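Chain and residue survey
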Amino acid sequence: MMMLELKNIRKVFNQGKSYELVAVDEVTVSLEAKKITVLKGPSGSGKTTLLSLAGCMARPTSGRIFLGDRELSSLPERFLTEIRRTHFGFIFQQFNLVKGISTLENVMLPAYPLGGPHSALKKHAHELLELFGIGGRASSKAEWLSGGEAQRTATARALINDPPVIIADEPTAHLDTKLSREFMDIVGRLKEQQKTVIIASHDPLVYEAAVIDRVITMRDGKIEGLDV
Amino acid sequence: MHSWIEKQRNIIDFTLSSLSRRKGKNIALLLVYTLLVFLLASVMFFTHALKREAALTLRDAPEIVVQRISEGRYEPIPRKYIAVLNKIKGVTSVRGRLWGYYYDSVVGANYTIMVPENFPYKSGDITIGSGVSRVRLAVKDDMIPLRAYDGISIIFHVRDVFSSESELVASDLLLVSEPDYRRLFGTSKDLFTDITLKVRNAKEIPTIAEKIVLLLPDARPITKREILRTYESIFDWRSGIIVAILTGAVLAFIIVSWDKASGLSADEKKEIGILKAVGWETSDILLMKFWEGAVISLSSFLAGVLLAYVHVFFTSAILFEPVLKGWSVLYPEFRLVPFIDPYQVSTLFFLTVVPYTVATIIPSWHAATIDPDSVMRS
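Okay, so let's go over this structure. (Residues numbered from 1 in each chain as written. Chains lettered and ligands numbered in written order. Predicted model: local features only at pLDDT ≥ 70, side-chain atom pairs only at ≥ 80, totals over all residues.)

**Some points on the environment of Val206(A)**
All names here are of chain A. In plain terms, the rule: Secondary structure is summarised from DSSP: a helix means a run of H or I of at least four residues, a strand means a run of E of at least two, and numbering begins at the N terminus for each. Residues are defined as contacting one another if the C-beta atoms placed from their backbone atoms lie within 7 Å.
Among the secondary structure elements, Val 206 is positioned in helix α7 (residues 204-207). Spatially, the C-alpha atoms of Val 206 and Phe 183 are 9.1 Å apart, while their sequence positions differ by 23 residues. Ignoring anything within four residues of it in the chain, the contact list for Val 206 reads Val 38, Thr 172, Met 184, Ile 199 and Ser 201.

Written as structure tokens, this is what we have:
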């Protein structure tokens, strides 16, 4: 897996308007492959924005993003989607599971447009749910899951296309201490599987965990410090 | 190719489970949609089948019917005209016809009464249509009295009741012998209701019609094609009434589908955002929305057309009977021969399925072009 590099990244919301907001301001950072990096900082420090820029969810107002030698920031939307699908798995703060469909279907969702054999996909989704200890909840509707189960379902969904990079935004925000620790155990397992993990969090249980390789502290859209 | 099929299958799978989530809303939509297609298709099938029936009935009709016009009105035609018409080249046979209407004050119904070319029974006998048989409670070998023009009742012996296959045209029909007809209406022996002509070559019909007007200036020739056209316009006019009534239903449907189409709920928008965030392309989302619209509109279309088929051809269009058939008292009880015009069905398809599917896709396209990043912030 290649390194993810962000050079002179600036992201401005509502540019030119009176309520313009500079979320990320001239950030340059390299995110190493197969390592676990945490973006730490208070609310409004630009962590989530930087995370979505790194994951090709949004485009920077200025600056360039490289995945290895390939520049991503200039790619058209179609290619960005393709990159997002093949290289990144996302775990959102609100988990963002689709209500009304089963846990299993939620896990399978990112793989649907790839057109792989349905039975193989189903099998793989089951394996992931078993891996996270929620195999018994496969047919339960997403809205019936507890916080921890929803978290693990979201993680299984992020892994269904076997992406090299996992991006997690405040993954422990809705979890108690025990479940947060369990999540960090899962992160440790992802590291063993040679995945690159980028987490935005202001939870000490996350950025102080032994499994973390690097912590980047952010404030007011800028990088304040790098701890390795 | 295989992966393309799997992709469609996966997306259809997801679409179906998506639809089942909003069960109430989708079932209501499905019902309204089916009802609309059912009503429109019923009108279409019915008028088409009737027109076809009329065309079949007229297949053996004479090529030209000659009437006499006096003071701008239709009048009985003199017997001597037959000799004049017989002399026209190309005319193979000329026959005077006697027919009229009889108002039956007992049941308040109008019958058509006529003298057939070969009436197999004697004077005093009558054969009646099944509609007449029903309202007069008369069966074979019963006696029925009819009141003549001078107030005297004539008793007829019912020799036969027509079979139901010909009921569309024969329901209100009475057939009598020539002397009985003339006695009933006081028609002189020198007069006929009209005269029919058979022509050897159909291409000569317009020329013969012109000759008739030259030879008999007070005569009006009516060709078979004109009769057929009149039938068609009557049925078109009647189906027009139904369609006008249905316009309300169509408008209601447009409002429902516009509401559904233009107003993606916050949940639906969020869902589109999630799909984009997990790697669905805009085109995948549109494909899903296309299938969603197609599943609802296609199943409603098929159900509506199927129900209309049963309604028209198995229940004789029970809902439209009073308007479309137009008999006052004597409703014919008959089954139309099933007939579907592919052109009309495809028109209905393009007027219902296509607009709905497009209406479903457009707002989703708007929602699908937003940055998936917004999901991160919700």
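**Considering the sheet that holds strand β2 (residues 21-31) of chain A**
Within a sheet, adjacent strands bond to each other through the backbone by hydrogen bonds, running parallel or antiparallel. Residues and elements named next belong to chain A. Our working rule: Whether two strands pair comes down to DSSP finding at least two bridges between them.
An order of β2-β1-β4-β5 is seen for the 4 strands of this open sheet, with the pairing classed as antiparallel. At either end of the open sheet lies a strand with only one pairing partner, and these are β2 and β5 (70-71). For strand β1 (residues 4-13) and β2, the ladder comprises 7 bridges, and the chain directions are antiparallel. Bridging across to β2, Lys 11 finds its partner in Val 24.

**Overview of the interface of chain A and chain B**
Counted only if it meets this: When residues are grouped by polarity, Ala, Val, Leu, Ile, Met, Phe, Trp, Tyr, Cys and Pro land in nonpolar, Asp, Glu, Lys and Arg in charged, and all others, Gly among them, in polar.
Across the contact, 27 residues belong to chain A and 26 residues belong to chain B. Counting residues per element, the ones that place at least two in the side of chain A that touches chain B are α1 (47-54) and α2 (77-87) of chain A. At 4 residues, the largest contribution of residues to the side of chain A that touches chain B is made by α2(A). Of the residues belonging to the side of chain A that touches chain B, the class tally is 11 nonpolar, 10 polar and 6 charged.

**Some thoughts on the nonpolar core**
Keep this limit in mind: Think of a nonpolar core as buried Ala, Val, Leu, Ile, Met, Phe, Trp, Tyr and Cys residues, each tied to the set through C-beta atoms within 7 Å. Every C-beta atom is placed from the backbone, and the number of other C-beta atoms within 10 Å of a residue's own sets its class: buried at 20 or more, exposed at 12 or fewer, partly exposed in between.
Counting residues in hydrophobic clusters, the biggest one holds 79 residues, and the most contacted among them are Ala54(A) and Ile167(A). With residues up to four places along the chain from it excluded, the contact list for Ile167(A) reads Leu51(A), Ala54(A), Gly55(A), Phe88(A), Phe90(A) and Ile198(A). Membership of the second largest hydrophobic core comes to 31 residues, among which are Tyr81(B), Tyr111(B), Leu184(B) and Leu197(B).

**Remarks on the pairing of strand β6 (residues 109-114) of chain B**
Residue and element names in this part refer to chain B. Alignment of strand β5 (residues 99-104) against β6, held across 6 bridges, turns out to be antiparallel. Directly across from Trp 99, in β6, lies its bridge partner Met 114. Counting the residues that bridge the hairpin from β5 to β6 gives 4 residues, and of these Gly 108 lies at a positive phi of roughly 70°. Where β6 meets strand β10 (residues 173-175), 3 bridges bridge the pair, whose relative direction is parallel. Note on β10: the bridge partner recorded for Met 114 is Leu 175.

**Regarding the packing of helix α5 (residues 147-159) of chain A against helix α6 (residues 177-192) of chain A**
Residue and element names in this part refer to chain A. Counted only if it meets this: To obtain an axis, a line is fitted to C-alpha atoms, over the contacting stretch when the element is a helix, and the angle between two such axes runs from 0 to 180 degrees between their N-to-C directions. Every angle not falling under 35 degrees, over 145, or within 65 to 115 is termed oblique; those three ranges are roughly parallel, roughly antiparallel and roughly perpendicular. Working rule for handedness: look at the near helix, and if it is turned counterclockwise from the far one by less than a right angle, call the crossing left-handed; if clockwise, right-handed.
In contact at an axis separation of 10 Å, α5 and α6 are set at 15° when each is read in the N-to-C sense. Relative to α6, the element α5 lies roughly parallel. The crossing of α5 and α6 is right-handed. Of the residues in α6, those in contact with Gly 147, Gly 148, Gln 151 and Thr 155 of α5 are Leu 179, Glu 182, Phe 183 and Ile 186. A breakdown of the residues in the contact of α5 with α6 according to their chemical character gives 3 nonpolar, 4 polar and 1 charged.

**Re the sheet that holds β5(B)**
Residue and element names in this part refer to chain B. If you walk across this open sheet you meet the 6 strands as β5-β6-β10-β7-β9-β8, and the pairing is mixed. Each edge of the open sheet carries a strand with a single partner, namely β5 and β8 (143-147). This sheet shows a mean twist of 40° between the axes of neighbouring strands, independent of strand direction.

**As for helix α12 (residues 342-368) of chain B**
All names here are of chain B. Our working definition: Between the first and last residue of a helix there are one fewer steps than residues, each counted as 1.5 Å, and that sum is the expected span. Bending is quantified residue by residue as the angle between axes fitted to the seven-residue window ending at that residue and the seven-residue window starting at it.
Taking 1.5 Å of rise per residue, 27 residues should cover 39 Å, and α12 covers 37 Å from first to last C-alpha, within 8% of that figure. The largest bend in α12 comes to about 30°, at Phe 350. Among all positions of α12, only Thr 352, Val 353, Tyr 356, Thr 357, Thr 360, Ile 361, Ser 364 and Ala 368 are buried.

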